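Each chain is listed here by its residues.
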Amino acid sequence: MAKLNTEKIKQDFPIFNQKINDETLVYLDNAATSQIPKFVEEKVRDFNEKERANVHRGVHALGLRATNQYESSRQKVANFIGANNAKEVIFTSGCTDSLNLVAASFGEQNIQAGDEILVSIMEHHSNLLPWQQLAKRKQAKLNFIEINSDGLLDIENLKSKISSKTKIVALTHVSNVLGTINPIKELTDLAHEKGAIVVVDGAQAVGHFPIDVAELNVDFYAFSGHKMFAPTGIGVLYGKKDLLDKMPPYRLGGEMIANVTREGATWAEVPYKFEAGTPNIAGAIGLGAAIDYLQSLDFELIQKHEQELTSYALEKLKNVLGLTIYGPQKSNGRIGVISFNLKNIHPHDLATALDLDGIEVRAGHHCAQPLMASLNTESTVRASLSIYNTKDDIDKLVSSLHEAKEFFSEFR
Amino acid sequence: MSLDKLRSLYKAVILDHAQMPRNYGQLTDFSHETTVYNPSCGDKIHLTILIENNKIKKIAFNGEGCTISKASASMMTDLVKGKSIKEAIELSQLFSNLAANKKSDTLKLEQLGDAQVLVNIMQFPARIKCATLAWWGLDRALLGKEKEEEND
Ligand SMILES: Cc1ncc(COP(=O)(O)O)c(C=O)c1O
């Protein structure tokens, strides 16, 4: 059976050609940021060395080439996420920027006192705070969809909280703490029935399984490049064109106007209306290259690899005495973002111990403090998997966990 | 595992303070209070202090924290108890210099007592905030910033 060649993939990523704390690097912090393949770096470098110029401005040859590359990346993104029209793809600086754009533009224009905004308790702060503060400004109400004891979105709770007062439902596609994949299609159907629009935070989804925004019928979809093998500082907001057309610009300046006089201005068409100032051109080209890289690997194999590895990791971790896994305990309906705690060891202490073995994990609240509170903890350790991780990485994690446990228990 | 490296950070005295923190709890009778957070991990330290005649008569801490932040809070409270406000603030300055890897003369450093062992924290930059959290709280409480303002 066809399998992802992880050994070969690892060689695509120069970061692995070094020791960390004198140990072989085991990178398990992919939910924070993934590593970048040489192929993507080279595309960015080629652009800077051969075609660098500003976009949509110059009449010169380089300007044209830069613009063509930038726009062809936009088309690649559109194809990659199933957008019907490349004009529905706005380049931003990242997922956070994309979500703020929707709240500041669509939200500011459409939310009124007494309206309701619905989010889930598992949101990353970047898909919570823009809505929380918008609701405060507008005297609207912010409601939360709870999760059940398996770490899944509580659909009954969702149904009970959505009403004709609900104007926006903002939900993460995949939880950056629990790994849970949320049923977006089901949600959009429910929301649209009530006349609400749906904003999806796809930061943890894109790159792990295929996304089809048209099929999901979401109104907005946000994600970052750096979690899917692209450079930092580039992200995307997908929005349905009829909605984008009606929204006011979010930032003002160059590149986003049709005409300016002393007294006023008219705005450019979408997506340019939302891309004020010189964009992250090299970043957009890097994102296009990251999509090429991902597509060269075959999504089916990626999914199969990550699911098998998740399953393996969950089994191994469950066998560590005193270890609690937060979120779905089986590998279906989730991705390889695994949060856990070891009894009596603070996540920070554990992460330091793992780090000394070259194993990079995240410890903290993962920008999801309301979720932490609902899980009755302050913080967790999180190991998150990607295409270059192997069973050997998991074995090293587990053996390092055992040793850390022993070390800290000596003092009890 | 690099147990040696782990031991160089988690010295016995640190683990001891974290296991059996001194001055743990909350004063019922206090004149100064503050809560500080480590925004990167959500840890928090709540300090209550009773000041009489310009001296720290009593001090207690509670909250959530890792080994380093708990040990540091335990050591800090032990050290400043009985000191004048001025002395306490000087100690705090000394400690932040230590954490920031600035030179201080060794004689002065000795004033930090047990807390000197946290000097190794400098090799673990990601953990410096854990060690300085309690001291930061002390500064805030003594300098009169009593509560974290909520921005809403
Ligand atoms: C679910 C989720 N949403 C949003 C973000 C924010 O992404 P960025 O920091 O790239 O804007 C992250 C990343 O940390 C995330 O995991």
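These numbers were taken from a predicted model, which means no experiment stands behind them.

1. Regarding the pattern of salt bridges
Part 1 of the reasoning: For the structure on display, the rule yields 23 salt bridges over all chains.
Part 2 of the reasoning: Put simply, B:E90 and B:K86 hold a salt bridge, and the shortest N to O gap is 3.3 Å. Here B:E90 and its partner B:K86 are both found in helix α4 (residues 85–99), four residues apart, which amounts to about one turn of the helix.
Part 3 of the reasoning: For B:K86, a relative accessible area of 61% gives the class exposed.
Part 4 of the reasoning: Via salt bridges that share partners, A:E71, A:R74 and A:E275 belong to a single interconnected network.

2. Things to note about the side chain of A:H226
Residues and elements named next belong to chain A.
Part 1 of the reasoning: Along the chain, the position of H226 falls in the loop between β9 (220–224) and β10 (235–239).
Part 2 of the reasoning: The exposure class assigned to H226 is buried, which follows from its relative accessible area of 17%.
Part 3 of the reasoning: Here T33 takes part through its side chain, which lies 2.8 Å from a polar atom of the side chain of H226.

3. Digging into the nonpolar core
Part 1 of the reasoning: Grouped together as the largest cluster of nonpolar side chains are 81 residues, with contacts concentrated most on A:V77, A:V218, A:Y221 and A:I387.
Part 2 of the reasoning: If you tally residues by element for this core, the top one is helix α10 (residues 281–295) of chain A, at 10 residues.
Part 3 of the reasoning: Inspection of this core shows a minimum of three residues originating in each of domain 1 (41–295) and domain 2 (298–409) of chain A.
Part 4 of the reasoning: Excluding anything up to four places from it in sequence, A:V77 contacts A:V89, A:F91, A:F223, A:V236, A:L287 and A:I291.
Part 5 of the reasoning: Counting residues in each nonpolar core, the second largest holds 74 residues, with A:I359, A:L397, B:V36 and B:L138 among its members.

4. Structural notes on the environment of A:A203
Residues and elements named next belong to chain A.
Part 1 of the reasoning: Take A203: it is sitting in the loop between β8 (197–201) and α8 (213–216).
Part 2 of the reasoning: It is 9.2 Å that separates the C-alpha atoms of A203 and T96, two residues lying 107 residues apart in sequence.
Part 3 of the reasoning: Setting aside its immediate chain neighbours within four residues, A203 contacts C95, A222, F223 and K227.

5. Examining the UniProt feature "domain: Aminotransferase class V" (unreviewed entry) in chain A
Part 1 of the reasoning: The positions that UniProt labels "domain: Aminotransferase class V" (unreviewed entry) are, in the present scheme, residues 26–397 of chain A.
Part 2 of the reasoning: With 39% helix and 17% strand, residues 26–397 of chain A has end C-alpha atoms that lie 8 Å from one another.

6. Examining the layout of surface pockets
Part 1 of the reasoning: The space that makes up the second largest pocket amounts to roughly 550 Å³.
Part 2 of the reasoning: If you trace the second largest pocket, you find 24 residues lining it, with A:A351, A:T352, A:D355, B:A126 and B:R127 closest to the centre.
Part 3 of the reasoning: Elements with a contribution of two residues or more to the lining of the second largest pocket: α12 (347–356), β15 (359–360) and β16 (362–364) of chain A.
Part 4 of the reasoning: Residue contributions to the lining of the second largest pocket peak at five residues, all from α12(A).
Part 5 of the reasoning: For the lining of the second largest pocket, a count of residues per class yields 11 nonpolar, six polar and seven charged.

7. A few points about the domain arrangement of chain A
Residue and element names in this part refer to chain A.
Part 1 of the reasoning: What the domain assignment lists for chain A is domain 1 (41–295) and domain 2 (298–409).
Part 2 of the reasoning: Once you take the C-alpha centre of each, domain 1 and domain 2 turn out to be 29 Å apart.
Part 3 of the reasoning: Taken together, the 28 residues of domain 1 in the interface contact 28 residues of domain 2.
Part 4 of the reasoning: With both sides pooled, the region where domain 1 packs onto domain 2 buries about 2300 Å², and carbon together with sulfur makes up 66% of that total.
Part 5 of the reasoning: On inspection of domain 1 and its partner domain 2, the count reaches zero salt bridges.
Part 6 of the reasoning: Applying the counting criterion to the domain 1 and domain 2 interface returns 10 residue pairs in polar contact (both at pLDDT 80 or more).
Part 7 of the reasoning: With three residues, the top contributor of residues to the side of domain 1 that touches domain 2 is α10.
Part 8 of the reasoning: Its residues assigned to classes, the side of domain 1 that touches domain 2 comprises 15 nonpolar, 11 polar and two charged.

8. Comments concerning a nonpolar patch on the surface
Part 1 of the reasoning: A surface patch of nonpolar side chains, about 390 Å² in accessible area, is lined by A:L252, A:I257, A:V260 and A:W267.
Part 2 of the reasoning: If you trace the backbone, A:L252 turns up in the loop between α9 (241–246) and β11 (257–260).

9. Quick word on helix α3 (residues 67–80) of chain B
Residues and elements named next belong to chain B.
Part 1 of the reasoning: If you check α3, its first and last C-alpha atoms are 20 Å apart, about what 14 residues at 1.5 Å a residue would give, namely 20 Å.
Part 2 of the reasoning: Taking burial as the measure, the 14 residues of α3 include 12 buried ones, the bulk of the element.
Part 3 of the reasoning: Positive backbone phi, approximately 90°, marks G82, located one or two places after α3.

10. Points about the sheet that holds β16(A)
Residue and element names in this part refer to chain A.
Part 1 of the reasoning: The strand order across the open sheet built from four strands is β13-β14-β17-β16, with neighbouring strands paired in antiparallel fashion. The open sheet terminates on both sides in strands that have one partner only, identified here as β13 (323–326) and β16. Going from strand to strand, the sheet's axes swing by 30° on average, the running direction of each strand aside.
Part 2 of the reasoning: Across the face of the sheet, helix α11 (residues 299–318) comes into contact with β13 and β14 (337–342) while running at roughly 5° to β14.

11. Describing unusual backbone geometry
All names here are of chain A.
Part 1 of the reasoning: In this chain, V270 is followed by P271 through a cis amide linkage whose omega measures 0°.
Part 2 of the reasoning: Within the secondary structure layout, P271 lies in the loop between β12 (265–267) and α10.
Part 3 of the reasoning: Phi is positive for D22, which is not a glycine, with a value near 65°.

12. A short note on the interface of chain B and chain A
Part 1 of the reasoning: In this assembly, 27 residues from chain B lie in contact with 26 residues from chain A.
Part 2 of the reasoning: Across the interface of chain B and chain A, roughly 2200 Å² is buried in total on both sides, 56% from carbon and sulfur atoms.
Part 3 of the reasoning: Among the salt bridges present, the one from B:R127 reaches A:D349, with a minimum N-O distance of 2.9 Å.
Part 4 of the reasoning: At the boundary of chain B and chain A, one finds nine residue pairs in polar contact (both at pLDDT 80 or more).
Part 5 of the reasoning: Take the side of chain B that touches chain A: its biggest share by element is five residues, from helix α1 (residues 3–9) of chain B.
Part 6 of the reasoning: For the side of chain B that touches chain A, the residue count by class is 13 nonpolar, eight polar and six charged.

Calculation notes
- Residues numbered from 1 in each chain as written.
- Chains lettered and ligands numbered in written order.
- Predicted model: local features only at pLDDT ≥ 70, side-chain atom pairs only at ≥ 80, totals over all residues.
- Heavy atoms only, no water.
- Salt bridge = Lys/Arg side-chain N within 4 Å of Asp/Glu carboxyl O.
- Helix = DSSP H or I, 4+ residues; strand = E, 2+ residues; numbered from the N terminus.
- Buried < 20%, exposed > 50% of the residue type's maximum accessible area, 1.4 Å probe, protein only.
- Polar contact = N/O pair within 3.5 Å; in protein donor to acceptor, adjacent residues only side chain to side chain.
- Core = buried A, V, L, I, M, F, W, Y, C linked by side-chain atoms within 4.5 Å.
- Domains from an automatic or database assignment.
- Contact = heavy atoms within 4.5 Å.
- UniProt positions renumbered as here; feature names shortened; annotations may be inferred.
- 1 Å grid on protein atoms, 1.4 Å probe; cavity = no way out; pocket = protein on both sides within 12 Å on 5 of 7 lines; lining within 4 Å.
- Points joined across faces, edges and corners; volume = space filled by probe spheres on them.
- Nonpolar A, V, L, I, M, F, W, Y, C, P; charged D, E, K, R; others polar.
- Buried area = accessible area lost by both parts, 1.4 Å probe.
- Patch = residues over 30% accessible without salt bridge, like charges linked within 9 Å, V, L, I, M, F, W, Y side chains within 5 Å.
- Areas by Shrake-Rupley, 256 points an atom, 1.4 Å probe, with all protein chains shown as cover.
- Expected span 1.5 Å × (residues − 1).
- Pairing = 2+ DSSP bridges.
- Axes fitted to C-alpha atoms, helices over the stretch in contact; angles between N-to-C directions.

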